[in-house]
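Residues per chain, in single letters:
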Amino acid sequence: MLSEDLTSKLNAQINHECSSVVLYLQMSAWCASKGYDGCAGFFRLQADEEKQHMEKLFGYVLETGGLPELGAIAAPPTSWTSLREAFQATLEHEQAVSKEISILVETALDEKDFSTFNFLQWYVAEQHEEEHQLHSLLDRVDMITAEGHGHFTIDREISRLTQAKRGQS
Ligand code: OFO
């Protein structure tokens with residue numbers, strides 16, 4: 001059985017994952033409206049993955065006798081000044097999610113709830129991978145910008161990366 005505190009923290013995380021879905025869908029829409037179709041595809045895929053993260057948590061709360069509770073989600077920003085700004089915002093968003101996951105892990109450990117601790121390890125690994133991917137993506141964006149090839153090349157690069165990611169899943 002989940003404690004009341006963990007149930008409420010896991011429910012908060014379900015909502016955070018929903019916020020990620022909404023944010024990345026909006027980013028995808030902004031990219032598409034600018035003609036950055038490669039990046040639009042990348043953010044659509046990110047949104048799909050966040051939905052899976054949300055469903056995993058939803059299922060776990062249910063399985064452990066809790067009641068998943070969905071709350072209000074704040075509207076995301078609708079535009080960014082550049083692709084770099086959108087990717088920087090994505091990295092910062094994921095860093096905030098990593099902190100939320102760490103608090104969950106800490107709570108599970110404090111309560112000696114090893115089942116939840118074990119369940120959360122998947123999220124710890126996922127956050128590591130997402131932050132790593134975004135750091136290397138921002139490095140590529142900076143390299144390309146420095147070389148003066150601009151957004152067209154960035155978009156093509158992101159499109160390749162998205163195809164590779166699709167191939168892995
Ligand atoms: Fe992007 O992360 Fe979910 O958990």
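Look a little higher up for the structure.
Since we're looking at a predicted model, the values are computed, not measured.

Cut-offs used in this document
Residues numbered from 1 in each chain as written. Predicted model: local features only at pLDDT ≥ 70, side-chain atom pairs only at ≥ 80, totals over all residues. Heavy atoms only, no water. Phe/Tyr/Trp six-rings, centres within 6.5 Å; stacked < 30°, edge-to-face > 60°. Buried < 20%, exposed > 50% of the residue type's maximum accessible area, 1.4 Å probe, protein only. Lys NZ or Arg CZ within 6 Å of the ring centre and 35° of its normal. Helix = DSSP H or I, 4+ residues; strand = E, 2+ residues; numbered from the N terminus. Contact = heavy atoms within 4.5 Å.

*Asks:* In this structure, what is going on with the packing of aromatic side chains? I would like to understand it.
*Replies:* The full count for this structure, using the stated rule, is nine aromatic pairs. Centroid distance F42 to F43: 5.2 Å. Interplanar angle 80°. Geometry classified as edge-to-face. For the pair F42 and F43, a shared accessibility class is recorded, and that class is buried. One cation-aromatic arrangement involves K56 over W122; the distance from NZ or CZ to the ring centre is 4.5 Å.

*Asks:* Help me understand the environment of S98 in this model?
*Replies:* Counting through the fold element by element, S98 comes out in helix α3 (residues 83-110). For S98, a relative accessible area of 15% corresponds to the buried category. Beyond its immediate chain neighbours, meaning those up to four positions away, S98 contacts Q127 and E131.

*Asks:* Would you mind going over unusual backbone geometry with me for this structure?
*Replies:* The phi angle of most residues is negative, glycine excepted, and most peptide bonds adopt the trans form. Look at K112: it is not a glycine, yet its phi comes out positive at around 55°. Tracing the backbone shows K112 in the loop between α3 and α4 (114-146). Its relative accessible area of 62% is what places K112 among the exposed residues.

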